[in-house]
Amino acid sequence: MTNRILRWGLLSTARINRSLIPPLRASPRNRLIGVASRDPAKAEAYAREWNIERAFGSYEAMLASPDIDVVYISLPNRLHAEWTIKALRAGKHVLCEKPLATRVEDVDAIAAAAAEAGRVVAEAFMYRHHPQTLRVKSLIERGAIGEVRLARGAFTFTLTDRANVRMNADLDGGSVWDVGCYPISYARTMIGAEPVEAFGMQFVGPSGVDEAFIGTLRFGEDAYAQFDCGFRAPFRMHMEIVGSEGLIVIPRPFKPTALEAIYIGKASDQLESLTIEGPDLLYLGEVEDMANAILDGAAPRISLRDSRANVAAILALLRSAREGRPVPV
Ligand SMILES: NC(=O)c1ccc[n+]([C@@H]2O[C@H](COP(=O)([O-])OP(=O)(O)OC[C@H]3O[C@@H](n4cnc5c(N)ncnc54)[C@H](OP(=O)(O)O)[C@@H]3O)[C@@H](O)[C@H]2O)c1
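This report concerns the structure included in the present document. Worth saying up front: this structure is predicted, and the values here are computed from it rather than measured.

1. Observations regarding the side chain of Ser-74
Along the polypeptide, Ser-74 turns up in the loop between strand E4 (70–73) and helix H4 (80–89). Judged by its relative accessible area of 5%, Ser-74 is buried. Polar contacts involving the side chain of Ser-74 include one to the side chain of Asn-17, which spans 2.8 Å.

2. Quick word on the pattern of salt bridges
Scanning the model with the defined rule gives 22 salt bridges in all. The salt bridge involving Glu-240 is made with Arg-152; its shortest N-O contact spans 2.9 Å. With Glu-240 in strand E11 (residues 232–243) and Arg-152 in strand E7 (residues 148–158), this residue pair connects regions lying 88 residues apart in the sequence. A residue is classified by how much of its surface remains accessible, and Glu-240, at 18% relative accessible area, is buried.

3. Topic: the site of the ligand
The full set close to the ligand counts 25 residues, and Thr-13, Ser-37, Lys-42, Tyr-59 and Tyr-283 are the nearest of them. Contacts to the ligand include Tyr-59, whose side-chain N or O atom sits 2.4 Å from an oxygen atom. Across the shell around the ligand, the residue classes break down as 12 nonpolar, 6 polar and 7 charged. The two domains that each donate at least three residues to the shell around the ligand are domain 1 (6–127) and domain 2 (128–282 + 311–328).

4. With respect to the pairing of strand E6 (residues 121–124)
Relative to E6, strand E5 (residues 93–97) runs parallel, the two being bridged by 4 bridges. Note on E6: the bridge partner recorded for Leu-95 is Ala-122. With helix H5 (residues 104–117) bridging E5 and the parallel E6, this β-α-β connection has right-handed handedness.

Conventions and cut-offs
- Residues numbered from 1 in each chain as written.
- Predicted model: local features only at pLDDT ≥ 70, side-chain atom pairs only at ≥ 80, totals over all residues.
- Heavy atoms only, no water.
- Helix = DSSP H or I, 4+ residues; strand = E, 2+ residues; numbered from the N terminus.
- Buried < 20%, exposed > 50% of the residue type's maximum accessible area, 1.4 Å probe, protein only.
- Polar contact = N/O pair within 3.5 Å; in protein donor to acceptor, adjacent residues only side chain to side chain.
- Salt bridge = Lys/Arg side-chain N within 4 Å of Asp/Glu carboxyl O.
- Near = heavy atom within 4 Å.
- Nonpolar A, V, L, I, M, F, W, Y, C, P; charged D, E, K, R; others polar.
- Domains from an automatic or database assignment.
- Pairing = 2+ DSSP bridges.
- Right-handed = clockwise from strand over helix to strand, strands pointing away.

What follows is the structure in structure tokens.
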């Protein structure tokens, strides 16, 4: 343990930053110092609005600053790998938004840059740190539902704004990279293995990105994941984990609140609820995990190997949908 406090910088003025700012302020070993934007005036205005000490007029200026230890990358998907690598090479630790990268080779390049720089990098899948997720995983590991045979889930919401980065094919938008990544990550985590085969179907809108997607993943001989995701349905999320001897239903798997209920039983007419308490701030877990990794040398909860496998599964699903046939992962 050390008393050092990590000094954080937000790399961009993205909308998602507002989820990180309160936990950075609430976490005793982390402190928010700066924000960077491509536009100096935007950085200044953002720093004033959110009461942030330093405004950097370019991303490069933040990376060159000796006053920043950790960079939070909240750029559009296509830019994640490039700026994660630049930040690592500048000696910064990095918490990068999901997806960490949109090519497997880029995850490998990130791993090489992190090893060379001796810095920590982790993908910001906040739900993985929440007590609800840890509880579901431990129930499965204790054999509470037998062998996991199926993980089924969804993450959708309505998006019509064509100017949103999620609708931009050149920035690797699309619903699988944006929200499908969650049920895929959840299924891999709970099945505890990696998929070997993928089959996907998609609706590609005028935007040129998948605006709705239905996917199946096969894990070995006898375990499957199925999910749907997209921008063309109301906000909904859920997961169901079906084992040989029971099932667990998780109504809010990806954005759990401070008090959640999950349902577990031998059959769907025998479910009992379990109440799980979590932090008031959902994103607190990921910033504290970074402090544990950087200051105490703990392994980040989300390893690069884990992120790489998620990226590989997504790429296989997208390829399958394009080719109209199942493909190996
Ligand atoms: N974990 C979660 O719960 C969660 C939730 C939402 C989003 N996310 C992730 O966070 C990332 C950002 O999403 P968001 O919705 O917050 O994005 P956003 O509001 O559109 O912000 C993206 C930021 O990136 C910067 N940028 C740099 N190059 C850009 C370009 N060519 N086009 C547009 N913006 C550019 C801009 O900042 P400057 O102009 O200041 O440079 C912009 O403010 C995505 O990867 C998304 O998957 C995660």
